[in-house]
Amino acid sequence: ANLEPIVIFTRRSSAVHSSLSEQKAVKFFCLTQQVSVPKEFSENEMLLPSNDTSLMLDVFDKTLKAHPQGNINVVFEGLSDLVLSVGFEKTYGFVRYAVEMLASPRNTVLFLLNQTAHDPKVASSLRGLFSNQIFFGKDGIKTVKLR
């Protein structure tokens, strides 16, 4: 809506992808096990290997460099999938680095986690990386922790 770049990491089969795929301002990085290197799928879609966190960090870095003064919006929908595919420790390191890299008042970044898909310790450890947290459940959105 603000003509700001939006970068979404998701699966092609997700509700987020199907809801926003027609929006030209949205750049999708579709996480899949069907590729081993990044592959352009369409004008606004790139396929990325779902188990290569260094490529994901590279996308963050390139996005920041492409918009050095502007606002950037990032949605990382596949956090639970990442834990299941590369393991907790690698996911934790990736998220910690990504949060540091993307920390700026001009950026809006959402990492989405299905906390019921994980051991409570895993979910708690990942949530601990974020200073702002919201929860969406059957009663709607609730604030958990805000800076």
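Let me sum up the structure you'll find in this document.

## Focus: the overall build of the protein
Piece 1. Helix and strand counts for the protein stand at five helices and eight strands.
Piece 2. Of the regular secondary structure in the protein, the N- to C-terminal order runs β-α-β-β-β-α-β-α-α-β-α-β-β.
Piece 3. Radius of gyration (C-alpha) of the protein: 15 Å, near the 15 Å computed for a compact globule of 147 residues.
Piece 4. Once the C-alpha set of the protein is aligned to its principal axes, its extents read approximately 40 × 35 × 30 Å.
Piece 5. Looking at the protein residue by residue over its 147 residues, the buried ones come to 37%.
Piece 6. Sequence separation of at least 24 residues holds for 46% of the intrachain contacts in the protein that already meet a minimum separation of 6.
Piece 7. In the protein, the 16 positive side-chain charges and the 14 negative ones have mean positions that sit 4 Å from each other.

## Here's the deal with the pairing of strand 8 (residues 140–145)
Piece 1. Here strand 7 (residues 133–137) pairs with strand 8 via five bridges, running antiparallel. Paired with Gln133 across the strands is Lys145, a residue of strand 8.
Piece 2. In sequence, strand 7 turns back onto strand 8 through a hairpin of two residues.

## Notes on the pattern of salt bridges
Opposite charge on two side chains makes pairing possible when the charged atoms of those side chains draw close.
Piece 1. Applying the stated criterion to the full structure yields five salt bridges.
Piece 2. A salt bridge links Arg11 to Asp81; the nearest nitrogen and oxygen atoms lie 2.7 Å apart. With Arg11 in the loop between strand 1 (6–10) and helix 1 (15–20) and Asp81 in helix 3 (residues 79–86), the pair connects residues that are 70 residues apart, well separated along the chain.
Piece 3. Judged by relative accessible area, which is 37%, Arg11 ranks as partly exposed.

## Brief notes about the nonpolar core
Piece 1. One finds Phe9, Leu48, Met56, Phe60, Phe76, Phe94 and Phe111 to be the most contacted residues of the largest nonpolar core, which totals 27 residues.
Piece 2. At the level of elements, strand 1, strand 2 (26–32), strand 4 (45–49), helix 2 (53–66), strand 5 (72–76), helix 3, helix 4 (88–102) and helix 5 (120–127) are the ones that each hand at least two residues to this core.
Piece 3. Residues contacting Phe94, with those up to four places away along its chain left out, are Thr53, Met56, Leu57, Phe60, Phe76, Leu82 and Phe111.
Piece 4. Counting residues in each nonpolar core, the second largest holds seven residues, with Val26, Cys30, Val35 and Leu47 among its members.

## Description of helix 4
Piece 1. The end-to-end C-alpha distance of helix 4, which contains 15 residues, comes to 21 Å, matching closely the 21 Å that a straight helix rising 1.5 Å per residue would cover.
Piece 2. Listed as buried for helix 4 are Thr91, Phe94, Val95, Ala98 and Leu102. In a view along the axis of helix 4, the buried residues occupy a sector of 95 degrees, so they form one face of it. Turned more than 90 degrees away from the buried face of helix 4, the exposed residues are Glu89 and Glu100.
Piece 3. In this structure, the buried residues of helix 4 make contact with helix 2, strand 5, helix 3, strand 6 (107–111) and helix 5.

## Some remarks on the packing of helix 4 against helix 5
Piece 1. Packing of helix 4 against helix 5 brings their axes to within 10 Å, and their N-to-C directions diverge by 15 degrees. What the angle tells us is that helix 4 and helix 5 run roughly parallel. The interaxial crossing formed by helix 4 with helix 5 has right-handed handedness. Contacts from Phe88, Thr91 and Tyr92 of helix 4 reach helix 5 at Val122, Ser125 and Leu126.
Piece 2. Split by residue class, the contact of helix 4 with helix 5 holds four nonpolar, two polar and no charged.

## Focus on the packing of aromatic side chains
Piece 1. Here the structure, examined in full by the defined rule, presents eight aromatic pairs.
Piece 2. Note on Phe9 and Phe60: the rings are 5.1 Å apart at their centroids and 65 degrees apart in plane angle, and the pair reads as edge-to-face. Of the two residues, Phe9 is situated in strand 1 and Phe60 in helix 2; the sequence distance between them amounts to 51 residues.
Piece 3. Under the relative-accessibility criterion, Phe60 is labelled buried at 1%.
Piece 4. Ring centres of Phe60 and Phe94 lie 6.1 Å apart, and the angle between their planes is 20 degrees; this geometry places the pair in the stacked category. Highlighted residues: Phe60 in helix 2 and Phe94 in helix 4, separated in sequence by 34 residues. Each member of the pair Phe60 and Phe94 is classed as buried.

Quick notes on the rules
- Residues numbered from 1 in each chain as written.
- Predicted model: local features only at pLDDT ≥ 70, side-chain atom pairs only at ≥ 80, totals over all residues.
- Heavy atoms only, no water.
- Helix = DSSP H or I, 4+ residues; strand = E, 2+ residues; numbered from the N terminus.
- Rg over C-alpha atoms; globule rule 2.2 N^0.38 Å.
- Buried < 20%, exposed > 50% of the residue type's maximum accessible area, 1.4 Å probe, protein only.
- Contact = heavy atoms within 4.5 Å.
- Lys, Arg positive; Asp, Glu negative; His and termini not counted.
- Charge placed at Lys NZ, Arg CZ, Asp CG, Glu CD.
- Pairing = 2+ DSSP bridges.
- Salt bridge = Lys/Arg side-chain N within 4 Å of Asp/Glu carboxyl O.
- Core = buried A, V, L, I, M, F, W, Y, C linked by side-chain atoms within 4.5 Å.
- Expected span 1.5 Å × (residues − 1).
- Arc of directions from axis to C-beta.
- Axes fitted to C-alpha atoms, helices over the stretch in contact; angles between N-to-C directions.
- Parallel < 35°, antiparallel > 145°, perpendicular 65-115°, else oblique.
- Left-handed = near helix turned anticlockwise from the far one by under 90°.
- Nonpolar A, V, L, I, M, F, W, Y, C, P; charged D, E, K, R; others polar.
- Phe/Tyr/Trp six-rings, centres within 6.5 Å; stacked < 30°, edge-to-face > 60°.

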